[in-house]
Amino acid sequence: TGFMPESDVVIGWGKDGRGYLKDRYATARAVPPIDAIQNVQLLSSSESDGLTSLEFKRKLKACEDKDRSIEEGTTRVIFSYNPNDPASEDTPAKHTFAGRASINLLSGTGNVESAPLEADHKTVNLLNPNVSVPAKPTTYWCSPFKLPVLQNEAHIIRFEPVVQE
(Lines give C-alpha, C1' and ligand atoms only; values in the text may rest on other atoms or scores of the structure.)
Protein backbone atom coordinates (compact mmCIF):
# COMPACT_ATOMS: atom_id res chain seq x y z
CA THR A 1 0.00 0.00 0.00
CA GLY A 2 2.94 2.31 0.50
CA PHE A 3 2.01 2.92 4.13
CA MET A 4 3.65 1.47 7.22
CA PRO A 5 0.83 -0.52 8.94
CA GLU A 6 0.68 -4.15 7.72
CA SER A 7 4.06 -3.85 5.97
CA ASP A 8 6.76 -6.50 5.72
CA VAL A 9 9.83 -4.63 7.00
CA VAL A 10 13.59 -5.18 6.93
CA ILE A 11 15.66 -2.89 9.16
CA GLY A 12 19.39 -2.93 8.63
CA TRP A 13 22.47 -0.93 9.54
CA GLY A 14 26.23 -1.10 9.64
CA LYS A 15 28.33 -0.57 12.74
CA ASP A 16 32.05 -1.06 13.34
CA GLY A 17 32.48 -2.76 9.95
CA ARG A 18 29.68 -5.28 10.53
CA GLY A 19 26.22 -5.43 8.95
CA TYR A 20 23.02 -6.06 10.90
CA LEU A 21 19.61 -7.00 9.56
CA LYS A 22 16.25 -7.77 11.19
CA ASP A 23 13.01 -9.06 9.66
CA ARG A 24 10.03 -7.20 11.16
CA TYR A 25 6.32 -6.60 10.57
CA ALA A 26 4.69 -3.21 11.07
CA THR A 27 1.31 -3.17 12.77
CA ALA A 28 1.21 0.63 13.20
CA ARG A 29 3.25 3.76 12.56
CA ALA A 30 5.74 2.80 15.24
CA VAL A 31 8.89 0.69 15.62
CA PRO A 32 7.89 -2.63 14.03
CA PRO A 33 8.30 -5.66 16.30
CA ILE A 34 10.91 -8.26 15.31
CA ASP A 35 9.39 -11.30 13.57
CA ALA A 36 9.67 -14.54 15.54
CA ILE A 37 10.83 -16.19 12.30
CA GLN A 38 13.69 -14.36 10.57
CA ASN A 39 13.22 -14.87 6.81
CA VAL A 40 16.00 -12.61 5.55
CA GLN A 41 19.64 -13.54 5.17
CA LEU A 42 22.41 -10.92 5.12
CA LEU A 43 24.77 -11.73 2.24
CA SER A 44 27.22 -8.85 2.52
CA SER A 45 27.66 -5.40 4.01
CA SER A 46 30.04 -2.48 3.64
CA GLU A 47 30.54 1.01 5.01
CA SER A 48 32.49 3.68 3.15
CA ASP A 49 32.49 7.50 3.25
CA GLY A 50 29.33 7.59 5.38
CA LEU A 51 27.41 5.19 3.12
CA THR A 52 26.19 1.79 4.25
CA SER A 53 25.38 -0.98 1.77
CA LEU A 54 23.56 -4.15 2.78
CA GLU A 55 22.86 -7.04 0.41
CA PHE A 56 20.34 -9.61 1.56
CA LYS A 57 18.01 -12.27 0.24
CA ARG A 58 14.67 -13.80 1.10
CA LYS A 59 12.22 -16.14 -0.59
CA LEU A 60 9.89 -14.66 -3.18
CA LYS A 61 6.87 -16.51 -1.81
CA ALA A 62 5.81 -15.72 1.74
CA CYS A 63 5.40 -18.67 4.07
CA GLU A 64 4.05 -16.91 7.13
CA ASP A 65 1.38 -14.31 7.81
CA LYS A 66 3.90 -11.60 8.70
CA ASP A 67 5.64 -11.74 5.31
CA ARG A 68 4.49 -10.48 1.94
CA SER A 69 5.20 -12.32 -1.32
CA ILE A 70 7.32 -10.54 -3.89
CA GLU A 71 5.41 -10.87 -7.13
CA GLU A 72 5.89 -9.93 -10.75
CA GLY A 73 4.84 -6.37 -11.52
CA THR A 74 4.99 -3.17 -9.53
CA THR A 75 5.53 -3.34 -5.77
CA ARG A 76 4.87 -0.40 -3.48
CA VAL A 77 7.99 0.10 -1.33
CA ILE A 78 8.53 2.42 1.61
CA PHE A 79 12.01 3.33 2.76
CA SER A 80 13.56 5.41 5.48
CA TYR A 81 16.86 6.06 7.18
CA ASN A 82 18.57 7.61 10.15
CA PRO A 83 22.28 8.51 10.00
CA ASN A 84 22.82 7.26 13.57
CA ASP A 85 23.36 3.62 14.57
CA PRO A 86 20.63 2.21 16.80
CA ALA A 87 21.34 1.80 20.51
CA SER A 88 20.44 -1.89 20.21
CA GLU A 89 18.86 -4.34 17.76
CA ASP A 90 15.56 -3.94 19.63
CA THR A 91 15.41 -0.14 19.52
CA PRO A 92 16.24 1.38 16.13
CA ALA A 93 16.09 5.17 16.12
CA LYS A 94 13.18 6.90 14.38
CA HIS A 95 13.99 7.75 10.79
CA THR A 96 15.03 11.27 9.80
CA PHE A 97 14.00 10.75 6.18
CA ALA A 98 11.30 8.59 4.60
CA GLY A 99 9.79 8.08 1.19
CA ARG A 100 7.93 5.62 -0.98
CA ALA A 101 8.13 4.42 -4.55
CA SER A 102 6.57 1.93 -6.95
CA ILE A 103 9.29 -0.34 -8.32
CA ASN A 104 9.62 -3.68 -10.09
CA LEU A 105 11.65 -5.79 -7.66
CA LEU A 106 11.98 -8.59 -10.21
CA SER A 107 13.29 -6.55 -13.13
CA GLY A 108 16.25 -8.24 -14.72
CA THR A 109 15.35 -11.68 -13.35
CA GLY A 110 13.37 -12.68 -16.41
CA ASN A 111 10.05 -14.43 -16.25
CA VAL A 112 9.04 -15.52 -12.74
CA GLU A 113 8.00 -18.88 -14.21
CA SER A 114 11.64 -19.51 -15.15
CA ALA A 115 12.90 -18.69 -11.66
CA PRO A 116 14.35 -21.75 -9.93
CA LEU A 117 12.07 -23.63 -7.55
CA GLU A 118 13.04 -24.39 -3.98
CA ALA A 119 14.77 -27.77 -3.58
CA ASP A 120 11.92 -29.13 -1.43
CA HIS A 121 9.08 -28.16 -3.81
CA LYS A 122 6.37 -30.67 -4.70
CA THR A 123 4.66 -30.96 -8.09
CA VAL A 124 1.08 -32.14 -8.52
CA ASN A 125 -0.44 -32.69 -11.99
CA LEU A 126 -4.21 -32.28 -12.16
CA LEU A 127 -5.35 -33.70 -15.50
CA ASN A 128 -8.78 -34.10 -17.12
CA PRO A 129 -8.89 -37.45 -18.94
CA ASN A 130 -10.25 -37.71 -22.48
CA VAL A 131 -11.13 -34.06 -22.99
CA SER A 132 -10.95 -32.37 -26.38
CA VAL A 133 -10.02 -28.70 -26.37
CA PRO A 134 -12.56 -26.76 -28.47
CA ALA A 135 -11.34 -24.57 -31.33
CA LYS A 136 -13.00 -21.52 -29.74
CA PRO A 137 -10.62 -18.76 -28.52
CA THR A 138 -11.89 -19.01 -24.92
CA THR A 139 -13.16 -22.03 -23.04
CA TYR A 140 -14.02 -22.21 -19.35
CA TRP A 141 -13.72 -25.60 -17.70
CA CYS A 142 -14.45 -26.47 -14.09
CA SER A 143 -13.48 -29.83 -12.58
CA PRO A 144 -13.17 -30.88 -8.95
CA PHE A 145 -9.96 -32.66 -7.89
CA LYS A 146 -8.95 -34.42 -4.72
CA LEU A 147 -5.58 -33.05 -3.63
CA PRO A 148 -2.96 -35.12 -1.81
CA VAL A 149 -2.86 -34.79 1.97
CA LEU A 150 0.11 -32.67 3.06
CA GLN A 151 1.78 -32.71 6.46
CA ASN A 152 2.53 -28.95 6.55
CA GLU A 153 1.09 -25.70 5.27
CA ALA A 154 1.67 -25.37 1.52
CA HIS A 155 1.34 -22.70 -1.14
CA ILE A 156 0.64 -22.92 -4.86
CA ILE A 157 3.52 -20.98 -6.37
CA ARG A 158 3.12 -21.81 -10.04
CA PHE A 159 0.61 -23.40 -12.36
CA GLU A 160 0.62 -24.03 -16.06
CA PRO A 161 -1.66 -25.82 -18.55
CA VAL A 162 -0.77 -29.30 -19.75
CA VAL A 163 -2.18 -29.89 -23.23
CA GLN A 164 -1.50 -33.23 -24.86
CA GLU A 165 -1.88 -33.96 -28.57
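This report concerns the structure included in the present document. (Residues numbered from 1 in each chain as written. Predicted model: local features only at pLDDT ≥ 70, side-chain atom pairs only at ≥ 80, totals over all residues. Heavy atoms only, no water.)

**A look at the overall build of the chain**
The following threshold applies: Every helix listed is a DSSP run of H or I at least four residues long, and every strand listed is a run of E at least two residues long, numbered separately from the N terminus. Two things to know: the radius of gyration comes from C-alpha atoms, and the globule rule equals 2.2 Å times the number of residues to the power 0.38. The buried label goes to any residue with under 20% of its type's maximum accessible area, the exposed label to any with over 50%, and the partly exposed label to all in between, with areas taken from a 1.4 Å probe on protein chains only. Two residues qualify as a contact provided that any one of their heavy atoms is within 4.5 Å of a heavy atom in the partner residue. Exposure was quantified through the Shrake-Rupley algorithm and a 1.4 Å probe, taking into account, for residues, occlusion by the shown protein chains and nothing else. Positive charges come from Lys and Arg alone, negative charges from Asp and Glu alone, with His and the N- and C-terminal ends not counted. Charged side chains are reduced to one point each, which is NZ for Lys, CZ for Arg, CG for Asp and CD for Glu.
Within the chain one finds zero helices and six strands. Here the C-alpha atoms of the chain give a radius of gyration of 21 Å, more than 25% beyond the 15 Å that 2.2 N^0.38 yields for 165 residues. Across its three principal axes, the chain shows a C-alpha extent of roughly 65 × 35 × 30 Å. Looking at the 165 residues of the chain, the share that counts as buried comes to 15%. Taking the intrachain contacts of the chain between residues at least 6 apart in sequence as the baseline, contacts between residues at least 24 apart amount to 46%. Accessible area of the chain: about 13400 Å², with a carbon and sulfur share of 52%. On the chain, the mean spot of the 18 positive side-chain charges and the mean spot of the 22 negative ones are 4 Å from each other.

**A few points about the pattern of salt bridges**
Here is the rule we go by: Throughout this description, the term salt bridge denotes a Lys or Arg side-chain nitrogen within 4 Å of a carboxyl oxygen of Asp or Glu.
On inspection of all chains with the given rule, the structure shows one salt bridge. Close ionic contact of Arg58 with Asp8 constitutes a salt bridge, the shortest N to O distance being 2.7 Å. Residue Arg58 is found in the loop between strand S4 (51-57) and strand S5 (75-81), and its partner Asp8 is found in strand S1 (residues 7-15); the two are separated by 50 residues along the sequence. Here Arg58 falls in the partly exposed class, since its relative accessible area comes to 23%.

**Section: the packing of aromatic side chains**
Cut-off, in case you're wondering: Aromatic contacts are taken between Phe, Tyr and Trp rings whose centres are within 6.5 Å, Trp giving its six-membered ring; a plane angle under 30 degrees counts as stacked, one over 60 as edge-to-face, and the others as tilted.
Within this structure, the stated rule accounts for three aromatic pairs. Taking the centre distance of 5.3 Å and the plane angle of 10° together, the rings of Trp13 and Tyr20 count as stacked. Pair check on accessibility: Trp13 and Tyr20 agree, each one buried. Ring centres of Phe79 and Phe97 lie 6.4 Å apart, and the angle between their planes is 35°; this geometry places the pair in the tilted category. With a gap of 18 residues between them, Phe79 in strand S5 and Phe97 in strand S6 (residues 97-103) connect regions that are remote in the sequence. Taken together, the ring pairs connect Phe79, Tyr81 and Phe97 into an aromatic cluster.

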